[in-house]
Amino acid sequence: MASELTYRGGAAPGSASDGGEYSPKPSKPLSWLTRAARYAAAEHRPVFALAGMLLAAALFSLYAPSASSSDASSGRAVSAAAATFSHLSSLPSSASSLHGSAGGKVPLGLRRRALRVLVTGGAGFVGSHLVDRLVERGDSVIVVDNFFTGRKDNVAHHLANPRFEVIRHDVVEPILLEVDQIYHLACPASPVHYKIGARFLLTSTSEVYGDPLQHPQVETYWGNVNPIGVRSCYDEGKRTAETLTMDYHRGANLEVRIARIFNTYGPRMCIDDGRVVSNFVAQALRKEPLTVYGDGKQTRSFQYVSDLVEGLMSLMEGEHIGPFNLGNPGEFTMLELAKVVQDTIDPNARIEFRPNTADDPHKRKPDITRAKELLGWEPKVPLREGLPLMVTDFRKRIFGDQEA
Ligand SMILES: O=c1ccn([C@@H]2O[C@H](COP(=O)(O)OP(=O)(O)O[C@H]3OC[C@@H](O)[C@H](O)[C@H]3O)[C@@H](O)[C@H]2O)c(=O)[nH]1
């Protein structure tokens, strides 16, 4: 079934490995024409040359509409959440151009055309904040979410908006959608599933650095990950997703972007999924002790969700593939974080030490030089300003509106 929906572009070109012949984005677009003409002249077969020209004209007219960016619907690439990676790598090289078709800079004075944007995992914590910003700037947004961890409540305020759609769907299954951009925030068992023409942004993670031996972490660092440990499915899963994303870029000329997201917090975060900020905030509000794992001296860098959303959008709209670290370089030990939570919610909140989990990274802090220079992005909300905003939301959700 999946394969039927996968690739409808004609015969598969050769793979990149078969003698380097396959070049998804030919640097000399007319070289084939010269070769064909030489061949036709040498073989005295003008009829074949004529047929070749007709074929080229037909292909051009087929492709031309998707290259236009002046019209929202004609410029929209057909995106089919269908392909397995092996199928996707056989897409024709003309499926997308690297720059400009899906976003990009708009000259001053011209109104930016509205895009149709797919956000997988758009009912989740980060996804729903991203959806808010995309709707706000005038785009049409389609959310695909299986609601395993996402919540309808997170996007309920958009349901009456004709520019918003939500589809209950697991992204491991094929789906056909027409979009310009794809923000892939869902974290499925198997990674990218989209055929293409749309620009694809993978949300990877700081966990690709594992328990890092370099500090702070720069994007060029390859990481220190235990391949068989209890957290490997997440770490290695995201590393594989990065690999496949880049393979698609190189092999199928897919337009891609990769973000490595560091610890993020804010309103709408899952209350009970065990992350440290949500745990501490919920515990302090419920008058329970704050559970500090290990000695509490391990560090993390905490980014407010609106900063992350701005970073993701700058990455999607910009011209650079990445990977880019998106995180707040402000570094805290877990004991320091507990202190901020005490100061914000309840100075009398007790701390209880618990055994730490296996392979817990000892420290983590993003080097964001690359994002600053190439995306013009840096976080703006310090922990002590962002945390109270999250606390207001948690208070409402834990105790109900009346006690907020
Ligand atoms: O109650 C708790 C929970 C967690 N912790 C500690 O807090 C630290 C952070 O733990 P979290 O589970 O919040 O987050 P982690 O840094 O381990 O992973 C996170 O990082 C980057 C994201 O991409 C991942 O999605 C997210 O899991 C760890 O050292 C953990 O041991 C506590 O001290 N107490």
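Reading the values: rules and limits
Residues numbered from 1 in each chain as written. Predicted model: local features only at pLDDT ≥ 70, side-chain atom pairs only at ≥ 80, totals over all residues. Heavy atoms only, no water. UniProt positions renumbered as here; feature names shortened; annotations may be inferred. Pairing = 2+ DSSP bridges. Helix = DSSP H or I, 4+ residues; strand = E, 2+ residues; numbered from the N terminus. Axes fitted to C-alpha atoms, helices over the stretch in contact; angles between N-to-C directions. Core = buried A, V, L, I, M, F, W, Y, C linked by side-chain atoms within 4.5 Å. Buried < 20%, exposed > 50% of the residue type's maximum accessible area, 1.4 Å probe, protein only. Contact = heavy atoms within 4.5 Å. Phe/Tyr/Trp six-rings, centres within 6.5 Å; stacked < 30°, edge-to-face > 60°. Lys NZ or Arg CZ within 6 Å of the ring centre and 35° of its normal. Polar contact = N/O pair within 3.5 Å; in protein donor to acceptor, adjacent residues only side chain to side chain.

Named according to an unreviewed UniProt entry, the protein is UDP-glucuronic acid decarboxylase 1 originating from Oryza punctata. Under the Pathway (unreviewed entry) heading, UniProt states for the protein: "Nucleotide-sugar biosynthesis; UDP-alpha-D-xylose biosynthesis; UDP-alpha-D-xylose from UDP-alpha-D-glucuronate: step 1/1." Among the UniProt annotations of the protein, the heading Catalytic activity (unreviewed entry) holds the following wording: "UDP-alpha-D-glucuronate + H(+) = UDP-alpha-D-xylose + CO2".

Caption draft 1: How the structure looks around the sheet that holds strand E13 (residues 324-326). Here we have seven strands laid out as an open sheet, ordered E4-E3-E2-E6-E7-E8-E13, and parallel in their pairing. The open sheet has two edge strands, strand E4 (164-168) and E13, and neither has a second partner. For this sheet the average axis-to-axis angle between neighbouring strands, irrespective of direction, equals 20°. Pairing of strand E6 (residues 181-184) with strand E7 (residues 199-205) involves four bridges; the strand directions are parallel. Paired with His-184 across the strands is Leu-202, a residue of E7.

Caption draft 2: Expanded view of the nonpolar core. Residues Val-119, Tyr-183, Tyr-265, Val-281, Leu-312 and Leu-387 are the most contacted members of the largest nonpolar core, which totals 59 residues. Of the residues forming this core, the biggest block, seven residues, is contributed by helix H8 (residues 305-317). Dropping the residues within four chain positions of it, Tyr-265 is found in contact with Phe-125, Val-277, Phe-302, Gln-303, Tyr-304, Val-305, Val-381, Pro-382, Leu-383, Gly-386, Leu-387 and Met-390. Within the second largest apolar cluster, 14 residues are counted, among which are Val-144, Ala-186, Ala-198 and Leu-202.

Caption draft 3: Inspection of the packing of aromatic side chains at higher detail. Evaluation of the coordinates by the stated rule reveals four aromatic pairs. Measuring from ring centre to ring centre gives 6.2 Å for Tyr-209 and Phe-262, while their planes differ by 40°; the resulting arrangement is tilted. Placement of the pair is Tyr-209 in the loop between E7 and helix H6 (232-252) and Phe-262 in the loop between strand E8 (256-261) and strand E9 (264-265), with a sequence separation of 53 residues. Taking the relative accessible area as the measure of exposure, Phe-262 reaches 2% and is therefore buried. Ring centres of Phe-302 and Phe-332 lie 6.4 Å apart, and the angle between their planes is 45°; this geometry places the pair in the tilted category. One end of the pair, Phe-302, is in the loop between strand E11 (299-301) and strand E12 (303-304); the other, Phe-332, is in strand E14 (residues 331-333), with 30 residues separating them in the sequence. One Lys or Arg, Lys-152, reaches over the ring of Phe-147 and ends 5.7 Å from the middle of that ring.

Caption draft 4: The arrangement of the environment of Asn-356 in detail. Tracing the sequence through the fold places Asn-356 in the loop between strand E15 (351-354) and helix H10 (369-375). When the C-alpha atoms of Asn-356 and Ile-182 are compared, they prove to be 36 Å apart, with 174 residues separating the residues in sequence. Among all residues touching Asn-356, those that are not within four sequence positions of it are Tyr-293, Gly-294 and Gln-298. Of note is the side chain of Asn-356, whose polar atom sits 3.3 Å from the side chain of Thr-357. Of the polar contacts made by the side chain of Asn-356, one reaches the side chain of Asp-360; its length is 2.8 Å.

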